[in-house]
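Chains, contacts and geometry: an overview
Residues per chain, in single letters:
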Amino acid sequence: MSNPSTLQWIGAALFAIALLHTFSTKFFEHLAHTRPRHAGLWHLLGEVEVVFGFWAMVLMVLMFALQGQEAATQYLNSRNFTEPLFVFAIMVIAGTRPILQVAARLVHGVAQWLPLPWAMATCFVLLSVVPLLGSFITEPAAMTLAALMLRDSLFSQGLSTRLRYAVLGVLFVNVSIGGTLTPFAAPPILMVAHTWQWDLAFVLTTLGWKAAVAVLVNAAGLVALFQRELRALPPQPRRREAHPPVPAALVLVHLLFLLGVVVFAHHPTVFLGLFLFFLGLATAYQSHQNPLILREALLVAFFLAGLVVLGGQQQWWLQPLLLSLDSDSVYLGATALTAITDNAALTYLGSLVPGLSDDFKVALVAGAVTGGGLTVIANAPNPAGVAILRGHFEEQSIHPLGLLLAALPATGVAMLALRGL
């Protein structure tokens, strides 16, 4: 391989700075509260969803200066922004009142069957059933639904900081591995399924059932560990709908829009067209809608787009590093590397290399989904969860180290399941 160019070194350095920035957002939020004169700037730098977009902008400014307009625009045009656009569309649709009402009834229905107090049962279902549902409605949609329902149920009850971080860690890990029952829902599998000809049966029998076991164990383990605090929560109030039930026909139309965006997830011209029609529908029936989560979805899309731009300059060191490992080492390596880069990017790089063994391929993807809950940038849906839930954390900021420590036990369970079973 040829020596890396100056721009590639700059891209790697900016990527490293962006990683450090993600671990420093709580510091900037603290500055915003203690130094109000420039609170706007500190709040901007404290938005974790802004980090990679900000440093991607710095990269593009330097690229314009060093290589000129044509090279810079050509680089941008070579990037694939389908995933950020898809996550934006699916977040907004999944966060609407008709979809949330259907999901809430499903969660409450399953929870009522469990011989547990409502808080324990609700926590278990939101951390197990909804992440597994992500195998069918996609992981970003599952993350959006789970986070919104956690925010409006358990997190509104004043949970301890320790439990809030524990729930967040398990949620991120379970969403990352919970989408492996099918070949189209988890971004790391989606990136390689066509190239490696992985069908539903292969994914389900190789990864899916093992991941389902880990999801259930993680959710049950958290509920058991924090049962005293969960039992102490006030009894569930009588369910009174805050709004009149959404007409069944309108719910069905929303579900069809959600299905359409999922089916055409690889075709932005189609799913964005459907999304625009959806916005028209939502505007026409505002009485049956909550405010659309456009701000949160836009911030998440901006984060992912920045990751796409910065990530394009990391292949020169990341791919040789992966290929220097055997199948066992690549599993551990992918799990660790996922914490500092998007897991779909790792598997995509692997799909570019011909002649890989089947064991290597499975190990690479398994490691990528295993480490998907360790950091905000590890898995595409994670920024969605952060955007929805961070208001319930101190200074409206989720500490990256707190998330990392909270996700480690669930990650360990996933490692045992995906490589040990």
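Everything numeric in this text was worked out from a predicted model, so none of it was measured. (Residues numbered from 1 in each chain as written. Predicted model: local features only at pLDDT ≥ 70, side-chain atom pairs only at ≥ 80, totals over all residues. Heavy atoms only, no water.)

Describing the overall build of the chain
Check the secondary structure of the chain and you find 23 helices and 0 strands. C-alpha extents for the chain along the principal axes are approximately 65 × 55 × 45 Å. Here the chain has roughly 18,200 Å² of accessible surface; of this, 66% comes from carbon and sulfur atoms. Of the charged side chains in the chain, 19 are positive and 18 negative; the average position of the first set lies 12 Å away from that of the second. (Helix = DSSP H or I, 4+ residues; strand = E, 2+ residues; numbered from the N terminus. Areas by Shrake-Rupley, 256 points an atom, 1.4 Å probe, with all protein chains shown as cover. Lys, Arg positive; Asp, Glu negative; His and termini not counted. Charge placed at Lys NZ, Arg CZ, Asp CG, Glu CD.)

Description of the packing of aromatic side chains
Tallying each qualifying case throughout the model produces 14 aromatic pairs. Grouped by ring-pair contacts, the aromatic residues F88, F257, F275 and F278 constitute a single cluster. Above the face of the F393 ring, R164 is positioned so that its terminal group lies 5.6 Å from the ring centre. (Phe/Tyr/Trp six-rings, centres within 6.5 Å; stacked < 30°, edge-to-face > 60°. Lys NZ or Arg CZ within 6 Å of the ring centre and 35° of its normal.)

Brief notes about the side chain of T411
Residue placement: T411 occurs in helix 23 (residues 400–420). According to the relative accessible area criterion, T411 is buried, its value standing at 3%. Residues within four places of T411 in sequence aside, it is in contact with V173, T335, T370 and L374. (Buried < 20%, exposed > 50% of the residue type's maximum accessible area, 1.4 Å probe, protein only. Contact = heavy atoms within 4.5 Å.)

Focus on the nonpolar core
Taken as a class, soluble globular proteins show a tendency for nonpolar side chains to be buried jointly. Within the largest apolar cluster, 142 residues are counted, with the highest numbers of intra-cluster contacts made by F52 and W198. Among the elements that make up this core, the one with the highest residue count is helix 8 (residues 118–137) (12 residues). Of all hydrophobic cores here, the second largest spans 5 residues; its members include F28, L31, A32 and W42. (Core = buried A, V, L, I, M, F, W, Y, C linked by side-chain atoms within 4.5 Å.)

Quick look at a nonpolar patch on the surface
A surface patch of nonpolar side chains, amounting to about 530 Å² of accessible area, comprises L252, L256, L259, V263, F264 and V270. Sorting elements by how many residues they give to the nonpolar patch places helix 15 (residues 248–263) first, with 4 residues. On the secondary structure map, F264 appears in the loop between helix 15 and helix 16 (268–284). Relative accessible area serves as the criterion here: at 33%, F264 is assigned to the partly exposed category. (Patch = residues over 30% accessible without salt bridge, like charges linked within 9 Å, V, L, I, M, F, W, Y side chains within 5 Å. Salt bridge = Lys/Arg side-chain N within 4 Å of Asp/Glu carboxyl O.)

Describing helix 15
The end-to-end C-alpha distance of helix 15, which contains 16 residues, comes to 22 Å, matching closely the 22 Å that a straight helix rising 1.5 Å per residue would cover. Of all the positions in helix 15, only L250, V251, H254, F257, L258, G260, V261 and V262 are classed as buried. (Expected span 1.5 Å × (residues − 1).)

What to know about the packing of helix 4 (residues 48–67) against helix 5 (residues 69–78)
For any two helices packed against each other, one specifies the inter-axial angle together with the distance between the axes. Where helix 4 meets helix 5, the closest approach of the two axes is 7 Å, and the angle between their N-to-C directions is 140°. Relative to helix 5, the element helix 4 lies oblique. Contacts from M60, M63, F64 and Q67 of helix 4 reach helix 5 at Q69, A71, A72, T73, Y75 and L76. Classifying every residue of the contact of helix 4 with helix 5 by side-chain character gives 7 nonpolar, 3 polar and no charged. (Axes fitted to C-alpha atoms, helices over the stretch in contact; angles between N-to-C directions. Parallel < 35°, antiparallel > 145°, perpendicular 65-115°, else oblique. Nonpolar A, V, L, I, M, F, W, Y, C, P; charged D, E, K, R; others polar.)

Some remarks on the packing of helix 20 (residues 343–351) against helix 21 (residues 358–370)
Contact pair helix 20 / helix 21: the axes reach a minimum separation of 9 Å and the direction vectors enclose 170°. One way to sum up the angle between helix 20 and helix 21 is to call them roughly antiparallel. Residues N343, L346, T347 and G350 of helix 20 pack against L364, V365, A368 and V369 of helix 21. For the contact of helix 20 with helix 21, the per-class residue count stands at 5 nonpolar, 3 polar and no charged.

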